[in-house]
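Below are the chains, spelled out letter by letter.
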Amino acid sequence: MNIGIVSLGCAKNQVDLEEILAYLKINGFETVSDPHLADIILVNTCGFIDAAKKESIDAILEMVEYHKPVVVTGCLATRYLEELKKEIPEVSLWIPLEDYHRFGEVFSTILKGKKLTGKINPTKRSFISPKRQAYLRISDGCNNFCTFCAIPYIRGRFKSVPFEVLKKELDIFDKEGIRSLTVISQDTSMYGRDINHSLVDLVKEIIKHPNFDFVKLMYLYPDEVTDELIDLYNKENITPYFDLPVQHFSDKILKHMGRRGTEKDIIDLITKFRKRVPNAVLRTTIMVGFPSETDEDFAEVLKQIEKIKFYHLGCFMYSPEEGTPGAKFPDQIPQKIKRARYNAVMKLQKKISYQLNKQRIGQEFKCLITDYDPATLTYGCINNLYASDDIDGQMRLYSKVPLKEGDLVMAKVVNAFVYDLEGEVTEILRS
């Protein structure tokens, strides 16, 4: 049987889907990209913020128009299960996160006589990322309960993936030719504290796999970053890409958000990191328009963005999420003010990003070739400067000799834009 897939949401949601697809493949299913060719369509949804919810619902409504059995999984199917069953009765089957442990049993209810065997195995995945790239999800859930965030209510309390399971996954990735590894979690720096391990233990294990050309650690909670972890960023294949979602700089707003630590703690950590890892690429996330945010609070955000100069910065307007404390806070900020503050942050960050990019001209970076675009005669690549999913921007490369996916090269930056770079290949390190 053919199964068509629609993949939405974050990388952590993608890992869920890759495990599901591997399980279905073992049970005789083939994945197809064209819904017309599918016997069953699976929509893996996100339910984190309003825009993601709308995208998920729109995708479901589009897929039911094909008049095929539609199965809906993921966070939206977990968070709004009963409401969705009533609102979209055309969906054949809803499988929330808590039913993944018996996925085969539930999925079999829409099959005519066919029964799926076995269970989803976290060490078996059908990758939907580009070749040679993979996400290593090291935990699920979150214990932080930030007052703006619904994730603990959707995915539950923090739970580390067993260390031995991750070791096995690393070995599998290595053997399958993965060269770019992105370590993800709702709270990556928290890893292992519930199972007598630590993120440092895991990173030391990753270092034992020198075939990984790039290893990026995403979503580090500021007050959990240790000196020992910082020192590991100077190891050969631990990419000096420091993803630190600070959310805000006003101490009043940080406390209101339920974030641990202060503005000074954040600045001290960034200063320490830059001192110990001089070639660090800093990335952060800022939220504007949180309840009670004053002009003075917002001015502090702009002040620190200007001072710190993050290489990459994502900005979000606060969205009240039902079930979270923040949704009930007084002093909600009007949408017009949120939009103005968002625009001000992005205008400032564009200036900073362009300035930093221009400084890259003439510098050389190790790059892993990922694709070729005949329209522009350029190659896509992974390097130290950007997240692997292009969320920050991208670097496109020109080459005088033909390259293929998986080649490792050195490239010199020759042109800079606000977020993107262009480079020229100077040396082939591995073909």
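Shown above is the structure to which this text applies.
So, how was this worked out
Counting starts from 1 at the beginning of each chain's written sequence and moves along it residue by residue. Local features in this predicted model are restricted to residues whose pLDDT is 70 or higher, and side-chain atom pairs enter the listing and the counts only when it is 80 or higher, whereas totals over whole chains, interfaces and linings include all residues. Note: side-chain values were computed over all heavy atoms of the structure, leaving out hydrogens and water. In this analysis an axis means a line fitted to C-alpha atoms, helices contributing only their contacting stretch, and an angle means the value between N-to-C directions, from 0 to 180 degrees. Helix and strand labels come from DSSP, where a helix needs a run of H or I of at least four residues and a strand needs a run of E of at least two; each type is numbered from the N terminus. When an angle is under 35 degrees it counts as roughly parallel; over 145 it counts as roughly antiparallel; between 65 and 115 it counts as roughly perpendicular; any other value is oblique. Note: crossing handedness is left-handed where the near helix turns anticlockwise from the far helix by less than a right angle, and right-handed where it turns clockwise. Every residue pair with non-hydrogen atoms within 4.5 Å of one another is taken to be in contact. Gly falls in the polar group here, along with every residue not listed as nonpolar (Ala, Val, Leu, Ile, Met, Phe, Trp, Tyr, Cys, Pro) or charged (Asp, Glu, Lys, Arg). Pairing between two strands requires that DSSP report at least two bridges joining them. We call Phe, Tyr and Trp rings a pair once their centres come within 6.5 Å, taking the six-membered ring for Trp, and we label the pair stacked below 30 degrees between planes, edge-to-face above 60, and tilted otherwise. Buried residues are those whose accessible area, probed at 1.4 Å on protein chains only, stays under 20% of the maximum for their type, while exposed residues exceed 50% and partly exposed ones sit between those limits. We call a charge positioned over a ring when the NZ of a Lys or the CZ of an Arg lies within 6 Å of the ring centre and within 35 degrees of the ring normal. Salt bridge, as used here: a side-chain nitrogen of Lys or Arg that lies within 4 Å of a carboxyl oxygen of Asp or Glu.

## Quick notes on the packing of helix α7 (residues 163-175) against helix α8 (residues 199-207)
Contact geometry for α7 and α8: axes closest at 10 Å, N-to-C directions at 25°. Taken together, the axes of α7 and α8 lie roughly parallel to each other. Judged by the twist between their axes, the crossing of α7 over α8 is right-handed. Facing α7, whose interface residues are Phe163, Leu166, Lys167 and Leu170, α8 presents Asp201, Leu202, Glu205 and Ile206. Here the residues of the contact of α7 with α8 are counted per class, giving five nonpolar, no polar and three charged.

## Concerning the pairing of strand β16 (residues 395-398)
Where strand β15 (residues 378-382) meets β16, two bridges bridge the pair, whose relative direction is antiparallel. The residue bridging Tyr379 from the neighbouring strand is Leu397, located in β16. Here β16 pairs with strand β18 (residues 421-430) via four bridges, running parallel. Bridge pairing links Arg396 to Glu422 in β18.

## Section: the packing of aromatic side chains
What describes a pair of aromatic rings is the distance from one ring centre to the other and the angle between the planes of the rings. A full pass over the atoms with the stated rule returns 13 aromatic pairs. Judged by centre distance (6.4 Å) and plane angle (85°), the ring pair of Phe148 and Phe290 falls under edge-to-face. On the criterion of sequence distance, the pair formed by Phe148 in the loop between β7 (139-140) and α6 (151-155) and Phe290 in the loop between β12 (281-288) and α12 (295-308) is long-range, its members being 142 residues apart. Taken as a pair, Phe148 and Phe290 share a single burial class, namely buried. By way of ring pairs, the aromatic residues Tyr23, Phe29, Tyr100, Phe103 and Phe107 are connected into one cluster. The cationic tip of Lys216 hangs over the ring face of Tyr241; the distance from NZ or CZ to the ring centre is 6.0 Å.

## Topic: the pattern of salt bridges
Working definition: two side chains of opposite charge can pair if their charged atoms are close together. Counted according to the given criterion, the structure contains 33 salt bridges. Between Lys53 and Glu321 there is a salt bridge, with the nearest N and O atoms lying 3.1 Å from each other. In this pair, Lys53 is assigned in helix α2 (residues 50-64) and Glu321 in the loop between β13 (312-317) and α13 (335-360), connecting sequence segments 268 residues apart. Glu321 matches Lys53 in its accessibility class, with the two residues each being buried. The partner of Lys272 in a salt bridge is Asp227, with the nearest N and O atoms 2.8 Å apart. You can see Lys272 sitting in helix α11 (residues 263-276) and its partner Asp227 sitting in helix α9 (residues 227-232), a full 45 residues away along the chain. You can call Lys272 partly exposed: its relative accessible area is 31%. Linked through salt bridges whose partners overlap, the residues forming this network are Asp16, Glu19, Arg137, Asp140 and Arg155.

## So, the sheet that holds strand β9 (residues 180-184)
In space, the six strands of this open sheet follow the order β6-β9-β10-β11-β12-β13, with parallel pairing throughout. In this open sheet, the two edge strands, each paired with only one partner strand, are β6 (133-137) and β13. Adjacent strand axes in the sheet meet at a mean angle of 20°, parallel and antiparallel pairs treated alike. Pairing between strand β10 (residues 214-217) and strand β11 (residues 238-243): two bridges, direction parallel. Following the sheet pairing, Leu217 is matched in β11 by Phe242.

The analysis is restricted to geometry; functional conclusions fall outside its scope.
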